[in-house]
Amino acid sequence: METINWQTFKEILIANPTLQLQFQYAEDKWVDATYHITEIKQAPITSVDCGGVMNAWTEIIIQLYEPQNQQQLRAMEVNKALDIINVVERALPLNPLGIVKIEFGNSAFDTRQLLPNAFTIDGDNLIVDLKPDAVQCKAIGRGGSCGTPAAKPVIQLKNLATATACCEPGGGCC
């Protein structure tokens, strides 16, 4: 699955400032229109995979919250989301290449981080379709396997000593 970076995510929002920002987290399941963007987190990740290789990347996590007992017919406009982003970026410069994740959960859906999969304009709405992230094995992607280092090449050793050793006493090598 291809990931969306922060710069691309922002460019899509900037191109659609007057639309309503909607999030679909599963088939026919929508984040309620009352949602708030409660925080935006920047998480630098450093890991060592099962093949012993160090990896590093940054994630930009937008947290959505559905308040209880609020009534609202329409989701926030993209402009309002951009205002929140501007407040965050004045305090914390965000990595433009960071992978965007949307963190969401409610009483019917366990909190998790989802990836923006597709953006669709439908009437007055900019719809962000969310998909679960997939677990991957980086070692297998490099041709290795979990917990097993790559095979070391076999080196043929050669005996460099000759039948007539020159470094024996009286051999004339010293």
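Residues numbered from 1 in each chain as written. Predicted model: local features only at pLDDT ≥ 70, side-chain atom pairs only at ≥ 80, totals over all residues. Heavy atoms only, no water.

### Regarding the overall build of the protein
So, step 1. Each helix and strand in the protein was counted, giving three helices and seven strands.
So, step 2. Classification of the 174 residues of the protein by burial places 31% in the buried group.
So, step 3. Pairs at least 24 apart in sequence give 66% of the contacts found in the protein among residues at least 6 apart.
So, step 4. Here the protein displays about 11500 Å² of accessible surface, and carbon together with sulfur accounts for 53% of that area. (Helix = DSSP H or I, 4+ residues; strand = E, 2+ residues; numbered from the N terminus. Buried < 20%, exposed > 50% of the residue type's maximum accessible area, 1.4 Å probe, protein only. Contact = heavy atoms within 4.5 Å. Areas by Shrake-Rupley, 256 points an atom, 1.4 Å probe, with all protein chains shown as cover.)

### Brief notes about the side chain of Asn 16
So, step 1. Residue position: Asn 16 is located in the loop between α1 (6–14) and β1 (20–26).
So, step 2. On the basis of relative accessibility, which here comes to 15%, the residue Asn 16 falls in the buried class.
So, step 3. Polar side-chain contacts of Asn 16 include one of 2.8 Å to the backbone oxygen of Ile 12. (Polar contact = N/O pair within 3.5 Å; in protein donor to acceptor, adjacent residues only side chain to side chain.)

### Things to note about unusual backbone geometry
So, step 1. Positioned with a positive phi, Asp 28 is a non-glycine residue whose angle comes to about 60 degrees.
So, step 2. Within the secondary structure layout, Asp 28 lies in the loop between β1 and β2 (29–30).

### Points about the sheet that holds strand β4 (residues 54–65)
So, step 1. Spatial ordering of the open sheet is given by β2-β1-β7-β6-β5-β4-β3, a layout of seven strands whose pairing is mixed. Of all strands in the sheet, those bounded by a partner on one side alone are β2 and β3 (36–48).
So, step 2. Inspection of the sheet shows strand β6 (residues 109–122) paired to strand β7 (residues 125–132) by eight bridges, in the antiparallel sense. For Pro 116, the partnering residue across the bridge sits in β7 and is Leu 130.
So, step 3. The sheet contacts of helix α2 (residues 78–91) involve β1, β3 and β7, and relative to β3 the element is tilted by about 55 degrees. (Pairing = 2+ DSSP bridges. Axes fitted to C-alpha atoms, helices over the stretch in contact; angles between N-to-C directions.)

### Examining the side chain of Asn 55
So, step 1. For Asn 55, the location among the structural elements is in strand β4.
So, step 2. Looking at Asn 55, its side chain comes within polar contact range of the side chain of Asp 49, at 3.2 Å.
So, step 3. A polar contact of 3.1 Å, which involves the side chain of Asn 55, links it to the backbone oxygen of Val 53.

### Structural notes on the pairing of strand β5 (residues 99–106)
So, step 1. In terms of burial, β5 is a largely internal element, six of the eight residues being buried.
So, step 2. In this fold, β4 hands off to α2, which returns the chain to β5; that crossover is right-handed.
So, step 3. In the sheet, β5 pairs with β6 via four bridges, with the strands oriented antiparallel. What sits directly across from Glu 103, in β6, is Gln 113. (Right-handed = clockwise from strand over helix to strand, strands pointing away.)

Fair warning: the whole summary comes from geometry, so function is off the table for now.
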